[in-house]
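Take a look at the letters that make up each chain.
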Amino acid sequence: MSAPDTRKYRPETRLVQSGVLRSQFGETSEALFLTQGYVYDSSAQAEARFKGEDPGYQYSRFANPTVHMFERRMAEFEGAEAARATATGMAAVTLALMGQVRAGDHVVASKALFGSCLYVVEDYLPRYGVTSTIVDGNDLDQWRAAMRPNTKTVFMETPTNPTLEVIDIAEVSKIAHAAGATVVVDNVFSTPLWQSPLALGADCVVYSTTKHIDGQGRCLGGVILGSEKFINDNIHTFIRQTGPSMSPFNAWVMLKGLETLAVRVRQQTDTAAAVAAALAEQPKISRLMYPGRPDHPQAAIVAKQMRGGSTLVGFEVVGGKQGAFRFQDALKLVRISNNLGDAKSLITHPATTTHQRITQKQRDELGISDGFVRLSCGLEHPDDLIEDVLIALKAV
Ligand SMILES: *Cc1c(COP(=O)(O)O)cnc(C)c1O
């Protein structure tokens, strides 16, 4: 069974139509193949299947039709040759890095990373003899200086969590490739709608599909995308033999999530831009970060590499931790959570939650001040959100 190639269509069309594998029943909506394994017509077919001479499925740790549909839809939307789904976003990040390296290799990563990604680079890789250098993602000289003959891969997240700084993917890719290293980009914060790292020079893109791809706060998931060669050389066997596979149920939820991704993310981005515009005029906001505004510190890079802004707004409330807590606690509609990309608007105080474990010095370097909050805009009416935020600011 193979799905028709839909790459000739525009992105929105691909999100709905790509990767569909219809069963003999001709169902309209993608079927949920909740099965662990597959049966064979004969011993000879089983033998041929295991030899790779008969196309078809063997076991859902290796491949499953629903998971396959999700992978094809993601690959065609991203413009990647191949994709592999994983149980969580962290499984995707860990595999994308671990799948490439051997003892003695070196990894360079930007310092503004999702907390668990930093753990993988700084604590986990060194256990297996893989060293790492952490750089300021916006300082190209630091990237250049960090490259070594044994640098295998570089890893970055842009826009960064939680401060929404933007790194120049094309320039870092040039530096990495000149040193013989590959480039892995965690593209969660921009979503595949607004940024295509592969087209900018990256070799691999990873997502936590837990965020905008599910988009409604239900299932965890991840996906790794790249060329057929990158996936075959680094990822395919690793997933097959070690088992961080995505469940068919979660793949089905993600597949249906993709159908509405463009409408949701577009709406949430417009809302976030409107919230940012309202916040920009408020005296109790001492710093505002929104990719897409002319006052963003890397506005020129945003214009060059992103097709849209962000569904997130980062800002510093006056009065430090107390100011931020008073503000968050006064919100009625926006709920306090560490998640993002949901249909429901969520706010996070990174200094005391997601980034609590790192040192004060590290937080200072990352711009995570005690008054800084990260707002993930949902699908509520923008005016309701703006009202909620402006009323809550009065409590500061
Ligand atoms: C959430 C997130 C992850 C981890 O994804 P999980 O699905 O929670 O494992 C990795 N990177 C970024 C940027 C994220 O936002």
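The rules behind the values
Residues numbered from 1 in each chain as written. Predicted model: local features only at pLDDT ≥ 70, side-chain atom pairs only at ≥ 80, totals over all residues. Heavy atoms only, no water. Salt bridge = Lys/Arg side-chain N within 4 Å of Asp/Glu carboxyl O. Helix = DSSP H or I, 4+ residues; strand = E, 2+ residues; numbered from the N terminus. Near = heavy atom within 4 Å. Polar contact = N/O pair within 3.5 Å; in protein donor to acceptor, adjacent residues only side chain to side chain. Areas by Shrake-Rupley, 256 points an atom, 1.4 Å probe, with all protein chains shown as cover. Nonpolar A, V, L, I, M, F, W, Y, C, P; charged D, E, K, R; others polar. Domains from an automatic or database assignment. Contact = heavy atoms within 4.5 Å. Buried area = accessible area lost by both parts, 1.4 Å probe. Buried < 20%, exposed > 50% of the residue type's maximum accessible area, 1.4 Å probe, protein only. Pairing = 2+ DSSP bridges. Right-handed = clockwise from strand over helix to strand, strands pointing away.

### Regarding the pattern of salt bridges
Phase 1 of the analysis: Under the counting rule described, the total for this entry stands at 16 salt bridges.
Phase 2 of the analysis: Ionic pairing is found between K256 and E30, a salt bridge with its closest N-O pair at 2.7 Å. Of this pair, K256 sits in helix 11 (residues 248–259) while E30 sits in the loop between helix 1 (11–17) and helix 2 (43–51), and the two are 226 residues apart along the sequence.
Phase 3 of the analysis: Among the salt bridges present, the one from E259 reaches R73, with a minimum N-O distance of 3.4 Å. Of this pair, E259 sits in helix 11 while R73 sits in helix 3 (residues 65–78), placing them 186 residues apart in sequence.
Phase 4 of the analysis: Look at the salt bridges and you will find they share partners, linking E30, R73, K256 and E259 into a network.

### Thoughts on the site of the ligand
Phase 1 of the analysis: In the vicinity of the ligand, the contacting residues are T88, G89, M90, F114, E157, D186, V188, F189, S208, T210, K211 and G221.
Phase 2 of the analysis: At 2.8 Å, a backbone N or O of M90 approaches an oxygen atom of the ligand.
Phase 3 of the analysis: Take K211: an N or O atom from its side chain is 2.7 Å from an oxygen atom of the ligand.
Phase 4 of the analysis: Contact with the protein chains hides 91% of the accessible area of the ligand, taken as 380 Å² for the molecule alone.
Phase 5 of the analysis: Classifying every residue of the shell around the ligand gives four nonpolar, five polar and three charged.

### Description of the domain arrangement of the chain
Phase 1 of the analysis: Per the domain assignment, the segments making up the chain are domain 1 (11–257) and domain 2 (262–393).
Phase 2 of the analysis: Spacing between the C-alpha centres of domain 1 and domain 2 amounts to 27 Å.
Phase 3 of the analysis: Taken together, the 38 residues of domain 1 in the interface contact 36 residues of domain 2.
Phase 4 of the analysis: Taking both sides of the interface into account, the surface hidden between domain 1 and domain 2 amounts to around 3200 Å²; carbon and sulfur atoms contribute 56%.
Phase 5 of the analysis: Counting the surface domain 1 buries against domain 2, the share from its top three residues, L164, W194 and H212, is 24%.
Phase 6 of the analysis: In this assembly, domain 1 and domain 2 are joined by three salt bridges.
Phase 7 of the analysis: With a closest N to O distance of 3.9 Å, K111 and E365 form a salt bridge.
Phase 8 of the analysis: Our count for the domain 1 to domain 2 interface comes out at 20 residue pairs in polar contact (both at pLDDT 80 or more).
Phase 9 of the analysis: Looking at the side of domain 1 that touches domain 2, the elements that each hand over two or more residues are helix 1, helix 7 (169–178) and helix 8 (191–194).
Phase 10 of the analysis: Considering each element in turn, the side of domain 1 that touches domain 2 owes the most residues, four residues, to helix 8.
Phase 11 of the analysis: Residue composition of the side of domain 1 that touches domain 2, grouped by class: 17 nonpolar, 13 polar and eight charged.

### Some thoughts on helix 4 (residues 89–98)
A turn of α-helix holds 3.6 residues, and therefore any two residues three or four places apart point the same way.
Phase 1 of the analysis: Most of helix 4 sits inside the fold, with eight of its 10 residues counted as buried.
Phase 2 of the analysis: Within helix 4, the full set of buried residues consists of G89, A91, A92, V93, L95, A96, L97 and M98.
Phase 3 of the analysis: A distance of 3.4 Å separates the backbone nitrogen of M90 from a side-chain oxygen at the start of helix 4, and that oxygen is part of T88.

### Quick word on the pairing of strand 5 (residues 182–186)
Phase 1 of the analysis: Of all five residues in strand 5, five are buried, a share of seventy percent or more.
Phase 2 of the analysis: Sheet analysis places strand 4 (residues 151–157) next to strand 5, joined by five bridges and oriented parallel. Bridged to M156 within strand 5 is V185.
Phase 3 of the analysis: Following the backbone out of strand 4, through helix 7 and into the adjacent parallel strand 5, one traces a crossover that is right-handed.
Phase 4 of the analysis: Bridge count for strand 5 against strand 6 (residues 204–208) is three bridges, and the pairing is parallel. Within strand 6, the residue paired with D186 across the bridge is V206.

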